[in-house]
Structures are given as structure tokens and as C-alpha cells.
Amino acid sequence: MQNLTIDQHLQEALAHLEEAINQSMHSVADNQASSKEIGGKWEHFLGQFYGMVKDKGKKSRVNLLSWISFAKIR
């Protein structure tokens, strides 16, 4: 595995998320009935991500979410 920086990991993750969003949009555009299934995939992903942040934060006693100003996110 490459020794990537935090910025590089986040950029790579963002690129993967953009592709997942694009594929989700195209799938629903092609088949509106798939929106529930795709929505479930996103709910599962976001739940896993949020759970991972919370779990690792509890174990390390570091609250990553407290470092983020959600008001600045647009």
C-alpha cells in the first residue's frame, strides 16, 4: 500500500464517491423503481461511515466530528 497523505486519501475517497453518485443517478434515471434499493445502499454506507467515526472516536477518545464546523459546509 502506498504511503498516502490524509489529503490524498480524502481526494481519492471523494473521487470514488463522485463516481458512486453518478452511477446512482444514472441507475435511477434508467429505472425509477431502483431508487429504493439505491437509497438503501447509501443509507448503509453513511451509517457505516458515521458508525466508524463514532466507534474509533470512543476507542481513541477523539471526537473527529467536533473538529468540523458544519455551519461552514455548503
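Structure shown above.
Model, not experiment: these values are computed from the prediction.

Caption draft 1: Quick look at the overall build of the chain. Check the secondary structure of the chain and you find two helices and zero strands. Here the chain has a C-alpha radius of gyration of 16 Å; the compact-globule value for 74 residues is 11 Å, and the former is much larger. The principal-axis extent of the C-alpha atoms belonging to the chain is close to 45 × 30 × 25 Å. Counting across all 74 residues of the chain, residues that qualify as buried make up 8%. Side-chain charges of the chain comprise 9 positive and 8 negative groups, with the mean position of each set lying 15 Å from the other.

Caption draft 2: The packing of helix H1 (residues 6-30) against helix H2 (residues 35-60), seen in detail. The contact between H1 and H2 brings their axes to 9 Å, and the two run at 160°. By the criterion of interaxial angle, the relationship of H1 to H2 is roughly antiparallel. For the pair H1 and H2, the crossing hand works out as left-handed. Residues Leu-17, Ala-20, Ile-21, Ser-24, Ser-27 and Val-28 of H1 pack against Ser-35, Ile-38, Trp-42 and Phe-45 of H2. When the residues that make up the contact of H1 with H2 are grouped by side-chain class, the tally is seven nonpolar, three polar and no charged.

Caption draft 3: Up close: the environment of Lys-59. Counting through the fold element by element, Lys-59 comes out in helix H2. By relative accessible area, Lys-59 is classed as exposed at 68%. When the C-alpha atoms of Lys-59 and Val-28 are compared, they prove to be 39 Å apart, with 31 residues separating the residues in sequence.

Caption draft 4: Seen up close, the packing of aromatic side chains. Taken as a whole and judged by the stated rule, the model has one aromatic pair. When the ring of Trp-42 is compared with that of Phe-45, the centres are 5.9 Å apart and the planes differ by 85°; the resulting orientation is edge-to-face. Within this pair, Trp-42 and its partner Phe-45 are both found in helix H2, separated by three residues, close to a single helical turn. Exposure remark for Trp-42: the relative accessible area of 23% places this residue in the partly exposed category.

So, how was this worked out
Along every chain, residues carry numbers that run from 1 in the direction the sequence is written. Thresholds applied to this predicted model are a pLDDT of at least 70 for local features of residues and 80 or more for the giving and counting of side-chain atom pairs; totals over whole chains, interfaces and linings are not thresholded and use all residues. Water and hydrogen atoms were dropped before computing side-chain values, which therefore reflect all heavy atoms in the structure. Helical segments are the DSSP runs of H or I of at least four residues, strand segments are the runs of E of at least two, and each set is numbered from the N terminus. Each radius of gyration reported is based on C-alpha atoms, and the globular scaling rule is 2.2 Å times the count of residues to the power 0.38. Three labels apply to residues, based on accessible area from a 1.4 Å probe with only protein chains included: buried if under 20% of the type maximum, exposed if over 50%, partly exposed otherwise in between. His residues and chain termini do not enter the charge count, which takes Lys and Arg as positive and Asp and Glu as negative. Where a charge lies is defined by one atom per residue type, namely NZ (Lys), CZ (Arg), CG (Asp) and CD (Glu). Lines fitted to C-alpha atoms define the axes, with helix axes restricted to the stretch in contact, and inter-axis angles between N-to-C directions lie between 0 and 180 degrees. Reported orientations rely on four angle classes, namely roughly parallel under 35 degrees, roughly antiparallel over 145, roughly perpendicular from 65 to 115, and oblique for the rest. For any helix crossing, the convention is left-handed if the near helix is rotated counterclockwise from the far helix by under a right angle, and right-handed if that rotation is clockwise. By definition in these notes, contact holds between two residues if any of their heavy atoms fall within 4.5 Å. Throughout, the ten residues Ala, Val, Leu, Ile, Met, Phe, Trp, Tyr, Cys and Pro are labelled nonpolar, Asp, Glu, Lys and Arg are labelled charged, and all others, Gly among them, are labelled polar. Note on aromatic contacts: the rings of Phe and Tyr and the six-membered ring of Trp form a pair at centre separations within 6.5 Å, being stacked when their planes are under 30 degrees apart, edge-to-face when over 60 apart, and tilted otherwise.

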